[in-house]
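# Commentary on secondary and tertiary structure
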Amino acid sequence: MKLENLAHHINLCVKANNGIKLASWLSTNEPDHVDALRKANIGSTRDSLSKKYMNKFASPWDEICIAHLLAVIAISENRMEDAYKEQASMVNAFLRFFGVQTNWVLTPLWVVLTELRQLAHDGDVELYNQQKLTTCCEDAARICNKAFTMCVTDRTSQPAESRKWGVYRAVNIVLKCYFKVNRTNLSKNVIRAIEANSDIPSLEQFEMTDQVTYRYYQGLLALLDENYSRVRETSDPPVYAYICPQAEGELSFAFEHCHYSSPRNQERILTFLIPLRMMKGSFPTVRLLKRFPSLEGLYGRFLKSIREGNIVEFDRALLDLEARLVQLNIWLMIVKVREITVSRVFRKCWLVLNKPSRVSIPAFHAALKVAGSPMEIAEAECLVANSIFKGFIKGYISHDTQLVVLAKTDAFPRLGVRVLRNGF
Amino acid sequence: MRQNNEAIVCEPFCTRPYFTDIMSSGPKFPPAMQEWVTSQFQKMQKFPPAMRDAAREEMKKIIAHAYSTGTMLSIPWSTVQLTSLNESDPLKNLKRKTTDHAEGPPKKVQLTNNSFVPSVKPLKTNVFEDDARTRREKRFQREALIEQNRNLNTNHHTVMVSGMSVGGSLGARMQGFAHSHHHVPWRHVAEPVPDANVIDWDKYTIVGRSTSIFKNYLRLTSDPDPKDIRPLSVLRQTLEQLKQRWRSEGNYNWVCDQFKSLRQDLTVQRIKNEFTVQVYEIHARIALENSDLVEFNACQAMLRTLYELGLPGKREEFLGYRILYMLHGRNRADLNFLVSQLTPQEKELPAVQHALKAHMAMATGNYHQFFALFLVAPNMGGYIMDHYVDRERCGALITMAKSYRSLPLRLLQTELGYESDELPKLLDFLTKHSANVFTNPNAPDIEKHVACSAVIQTLIQVQSQKYAKVGIKGSV
C-alpha cells in the first residue's frame with residue numbers, strides 16, 4: 001500500500017469522525033495494513049518520502065503518514081530506537097491535529113500513545129543493551145504530558161464533546177510514564193493541574209477503569225509520601241481515629257472496583273494495600289494469598305512471624321527481602337509492622353506468666369531477649385510505652401516500680417479491633 | 001548568564017530572528033556558508049554586545065550582497081572575515097591561564113592585525129594568516145562540538161525540568177541525582193591547553209586578576225569583570241585568612257558573606273577541584289555551627305555534584321549529613337528514594353549507618369534509640385539533628401504521657417536526650433510546650449513528676465500548632 005492509499009483511508013475516517021477506524025489506520029500493530037505498507041515501500045528513507053510526499057497532503061498528515069511508515073519499517077527491521085523516534089514525531093504531528101478536534105479523536109490518541117510507550121520501552125531496552133543512555137521513556141513522558149495538556153485545555157468544544165472527557169485517561173498514561181522513569185515527584189504537577197481546573201467533570205462520571213487506575217496511582221503517591229498520619233480526637237477518653245485519607249482509602253477503592261478479569265492489576269493493588277492494612281493490624285486471609293502466590297512469597301513470612309511473635313524470623317525475612325521491598329518502597333512499612341511483632345512477644349510473655357494483672361518491665365525485657373532481640377532495659381521500656389501508645393497493650397507503666405499495670409479486661413486486644421494512631 | 005550564552009550558540013542559526021527575513025523565503029543556502037555563519041557566531045560570543053551587533057549587521061550585509069549578486073556558491077566562505085570582529089582586543093583582556101603558551105595568542109594577534117580586509121572580497125592570502133585562521137577555525141569547530149555534546153547531555157534533564165515545575169529544588173536535585181551517571185568526561189582537545197583544575201573549560205571561562213583577599217558578595221547580574229575576580233592562587237590565601245578570622249572573631253555574617261563571594265569566584269572561573277571541595281565543606285560546617293540550614297543545604301547540594309565528578313572529599317561525612325538533613329523535611333518520598341539508592345558499601349559507612357538508624361528510630365517512634373543516637377551523632381550531625389530534636393521530643397513526650405501516669409523528670413532527662421547537666425533545659429522545654437504540670441510541684445526539680453493526664457491534651461494541641469509543617473527556605 002502506498003502512502004496515497006493510506007492517506008485516502010485516513011481522509012475517509014476524518015470526514016466521518018470515525019475514531020475507531022482512524023485508530024486502526026494509525027496503529028503499528030494492525031497486521032493487515034502494516035504488512036501492506038511495508039511491502040510496498042521497501043527501501044524508503046525519510047528523504048525519499050519527504051521528497052515525494054511533503055506538502056502533498058494537508059499538514060500535518062504528510063508528516064504523520066511518513067513518520068508512521070518509517071516507524072513500521074523500523075519495527076520490522078528491529079531498530080527500536082529509530083522506531084520510537086519515528087513514532088514520537090508521528091505523535092507530535094498528530095497532536096497538532098488533535099488540538100483542534102472534539103473528543104472523537106480520543107480513541108486514536110489512546111492507541112498511538114500506548115504504542116508510543118511500548119516503543120519507548122523497546123527503544124530503551126535496545127539503548128540499554130548498547131550501553132547508551134535510556135532516554136526514550138522520558139521523552140515519551142514529555143509527549144504524553146503534552147497530550148494531557150491538550151485534553152485539559154479544550155475551550156472550544158461543547159461540554160458533551162469536549163476533549164476533557166479524556167483527561168483522566170490521559171493523566172493515567174502520564175502517571176504511568178512518570179512511575180516508569182522514577183520521576184514520581186513530577187506527578188504532583190499533573191494532579192494539581194487537574195485539581196485546579198474546575199471545568200473537568202468529576203471523577204465519578206468517568207469510566208470505572210479510569211477511576212480505578214487513577215485512584216491506584218493516587219494511593220501510591222500518598223504511600224510514597226507516607227501520607228497516612230492524621231490524628232483527630234473525637235471523644236473523651238481520646239480515641240484516635242485512624243484516618244488514612246489517601247493511601248489506604250484510594251487503594252481500597254481501587255481493589256474493590258478492579259475488574260475481576262484483571263488479576264495482574266489486582267495483584268499490583270494488593271502489593272501496596274496489604275502492608276497498609278497490616279499496619280492497621282488487619283491481615284490478609286490465607287485464601288486471598290492463595291490467589292496471588294507472589295504476594296504470598298513477599299508477605300507470607302512476615303505474617304507468620306507476627307502471629308508467632310517471632311522477631312528473629314521477622315528480621316531474617318526483612319533482611320532477605322530487603323532489596324525487593326526497598327524497590328517497591330514498602331520497606332519502611334514493614335519496619336513499622338515489626339512493632340506488631342514486638343507486641344505479640346509481649347503478649348506471649350503475659351500468657352506465659354499466666355495473665356497477671358501486672359508485669360514487670362524486666363520480664364518484658366527478658367522476653368524480648370529470648371525472642372531474639374536483646375537491648376537495654378530502658379529501650380525495652382520505651383518499646384512497651386510505644387505498644388501502649390499504639391493500642392497494642394491497655395494499661396500504664398509505673399516507672400519507679402518498673403511495673404506495667406494492665407487493664408482488667410482485654411489488656412492485649414485483638415489486632416483488628418484496636419483503634420490506633422499511626423504517627424511517625 | 002551562562003545559560004543565555006549557551007542557548008545562543010547552540011540554537012540552530014536559521015531560527016534567529018534577524019535571519020528570518022532572508023532565510024524564510026528563498027532557496028536553501030550552501031553548507032559552506034552555513035558553516036561560516038555558525039563559526040562567526042561562535043567567535044562573536046567573546047565580544048561585548050555592542051561589537052556583536054555590529055558584526056551581525058555586517059554579516060547580514062555580506063549575505064544579502066552575496067545573494068543578490070548570485071555569488072553565494074562561489075565565495076570561499078571559510079576565508080571571509082568580519083571587520084567588526086577585531087580579534088586583538090578580547091585576547092588582551094583575557095589573560096590565558098597557563099604560561100606555557102604565552103607566545104601563542106600574542107603571535108596570532110600580531111598576524112591578524114595586519115590582515116584586515118574589507119569584508120566582501122576574499123582575503124589576499126598569506127601563509128601565516130592561513131595557518132592561524134585554520135587553527136582558529138578548527139578550535140571553534142571543536143569547541144562547538146563539545147558545546148553541543150554538553151548541551152545534549154544537559155538538555156535531557158533541563159528540558160524535563162523546564163517543561164514542568166519541579167517540586168522544590170530538592171526535587172530537582174533528586175532528578176539530577178537519578179541522572180548523575182550521564183556526565184560526559186570530555187577532554188578539551190583544542191588549544192590553549194586547559195588548566196587541569198578547571199573542568200568544563202570553555203571560551204566563556206574567565207581568569208581573574210584581582211588580588212584583594214577579601215571581597216563582599218554581590219549577586220552577579222551581568223558578565224563578570226576579570227579584574228574583580230580573584231584567581232585560584234589568591235583564593236587559596238583567602239581561604240586561609242578566612243579560617244583564621246573565623247576562629248578569632250567568629251563573626252558569622254561577615255564570614256558567610258566572604259565565603260559566598262569566594263564560591264562565586266570559583267564558579268565564574270569554573271574551577272572545580274579539591275580546593276573547591278574544601279571551600280564548600282568548610283562553609284557547610286560553619287553554616288551548620290550557626291544553624292544556617294539554607295546555606296548548608298546549598299553547599300551540600302554543590303558538594304554532591306562535585307563528589308560525583310570524582311573529586312575527593314569527606315563523602316561519608318556529607319552523605320550522613322544529607323540523610324540527617326532529609327529527616328528534617330517532610331518530603332518522605334525523596335528520603336525513601338535516596339535510601340533506596342544507597343550502595344552496600346555506602347551503607348557500611350559509620351556516619352551513614354548512624355543516619356539510617358536514626359531514620360528507623362524516628363519511623364518506629366523508638367525515642368530511646370533516637371535520642372541515644374542524637375547524643376552520639378558523628379561529626380557535626382548533631383547540629384542538623386538539633387533542628388528537629390524538639391519536634392521529636394514533643395512526639396516522644398506524647399507517647400510517654402499516654403503510657404505513664406506520672407513521668408519522673410529523671411526519666412525524661414535520659415530518654416529525651418538531655419545531658420546530665422541540662423535539667424533546666426528540660427524544664428524550659430516542658431514550659432514551652434505547656435507541659436509543666438507536676439504531681440509534686442513543691443518538690444525539688446530533680447524529683448518532680450509530670451502529671452500525664454493533665455498534660456496530654458494540651459501537648460497534642462501544641463504539637464499540631466508548632467510542628468505542623470516544616471518549611472525550609474531553599475529546599476523542600
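### Overview of the overall build of chain B
Check the secondary structure of chain B and you find 21 helices and 2 strands. Within chain B, the proportion of its 476 residues that are buried is 50%. Pairs at least 24 apart in sequence give 66% of the contacts found in chain B among residues at least 6 apart. Carbon and sulfur atoms provide 54% of the accessible area of chain B, an area that totals close to 22,300 Å².

### A look at unusual backbone geometry
Residues and elements named next belong to chain A. Phi is positive for Asn-354, close to 70 degrees, though the residue is something other than glycine. Note on placement: Asn-354 falls in the loop between α18 (331-352) and β1 (358-360). Overall, Asn-354 belongs to the exposed group, its relative accessible area being 65%. Positive phi is not limited to glycine here, since Gln-402 has a value of about 55 degrees.

### Concerning the environment of B:Val37
Residues and elements named next belong to chain B. Summarising the element assignment, Val-37 is placed in helix α3 (residues 31-44). A relative accessible area of 1% places Val-37 in the buried class. In the structure, Val-37 is positioned 19 residues away from Arg-56 in sequence and 9.8 Å away in space, judged by C-alpha atoms.

### Quick word on the pairing of strand β2 (residues 395-398) of chain A
All names here are of chain A. With 4 bridges joining them, β2 and strand β3 (residues 403-406) adopt antiparallel strand pairing. The residue of β3 that forms the bridge with Ser-398 is Leu-403. Once β2 ends, the chain turns through 4 residues before running back antiparallel as β3, passing Gln-402 with a positive phi of about 55 degrees.

### Re the sheet that holds β2(A)
Residue and element names in this part refer to chain A. Taken in spatial order, the 3 strands make up an open sheet running β1-β3-β2, and their pairing is antiparallel. Edge positions in the sheet fall to β1 and β2, since each has one partner strand and no second. Strand-to-strand twist of the sheet, defined as the mean angle between neighbouring strand axes without regard to direction, takes the value 20 degrees. Sitting on the sheet, helix α20 (residues 377-389) touches β2 and β3, and the angle it makes with β2 is about 155 degrees.

### Concerning helix α19 (residues 361-370) of chain A
Residue and element names in this part refer to chain A. Within α19, burial applies to Ile-361, Phe-364, His-365, Ala-367 and Leu-368. Along the axis of α19, the buried residues cluster in a sector spanning 160 degrees; they form a single face. Relative to its buried face, α19 has exposed residues pointing more than 90 degrees away, namely Lys-369 and Val-370. Against α16 (311-320), α18, β1, α20, β2 and β3 lie the buried residues of α19.

### Comments concerning empty space enclosed by the protein
Counted according to the given criterion, the structure contains 12 cavities of 30 Å³ or more. Taken as a whole, the largest cavity encloses approximately 100 Å³ of empty space. As for the largest cavity, its lining consists of A:Val326, A:Asn329, A:Ile330, A:Trp331, A:Leu332, B:Asn336, B:Val339, B:Ser340 and B:His359. Breaking the lining of the largest cavity down by element, the ones donating at least two residues are α18 of chain A together with α14 (332-340) of chain B. Counting residues per element, the lining of the largest cavity draws most heavily on α14(B), which supplies 3 residues. Grouping the constituent residues of the lining of the largest cavity by class yields 5 nonpolar, 4 polar and no charged.

### Digging into the confidence of the model for chain B
Residue and element names in this part refer to chain B. On average, chain B scores 71 in pLDDT, and the residues at 70 or more come to 64%. Put simply, helix α6 (residues 104-113) is where chain B has its lowest mean pLDDT, 38, and helix α17 (residues 367-375) is where it has its highest, 92. Below pLDDT 50 for its whole length, residues 87-128 participates in 60 contacts with residues either more than four positions away or in separate chains. With pLDDT under 50 throughout, residues 152-194 is counted as low confidence; its partners more than four residues away or in other chains account for 85 contacts. Across the assembled chains, the prediction reports ipTM 0.71 with pTM 0.64.

Parameters and conventions
Residues numbered from 1 in each chain as written. Chains lettered and ligands numbered in written order. Predicted model: local features only at pLDDT ≥ 70, side-chain atom pairs only at ≥ 80, totals over all residues. Heavy atoms only, no water. Helix = DSSP H or I, 4+ residues; strand = E, 2+ residues; numbered from the N terminus. Buried < 20%, exposed > 50% of the residue type's maximum accessible area, 1.4 Å probe, protein only. Contact = heavy atoms within 4.5 Å. Areas by Shrake-Rupley, 256 points an atom, 1.4 Å probe, with all protein chains shown as cover. Pairing = 2+ DSSP bridges. Axes fitted to C-alpha atoms, helices over the stretch in contact; angles between N-to-C directions. Arc of directions from axis to C-beta. 1 Å grid on protein atoms, 1.4 Å probe; cavity = no way out; pocket = protein on both sides within 12 Å on 5 of 7 lines; lining within 4 Å. Points joined across faces, edges and corners; volume = space filled by probe spheres on them. Nonpolar A, V, L, I, M, F, W, Y, C, P; charged D, E, K, R; others polar. pLDDT = per-residue confidence, 0-100.

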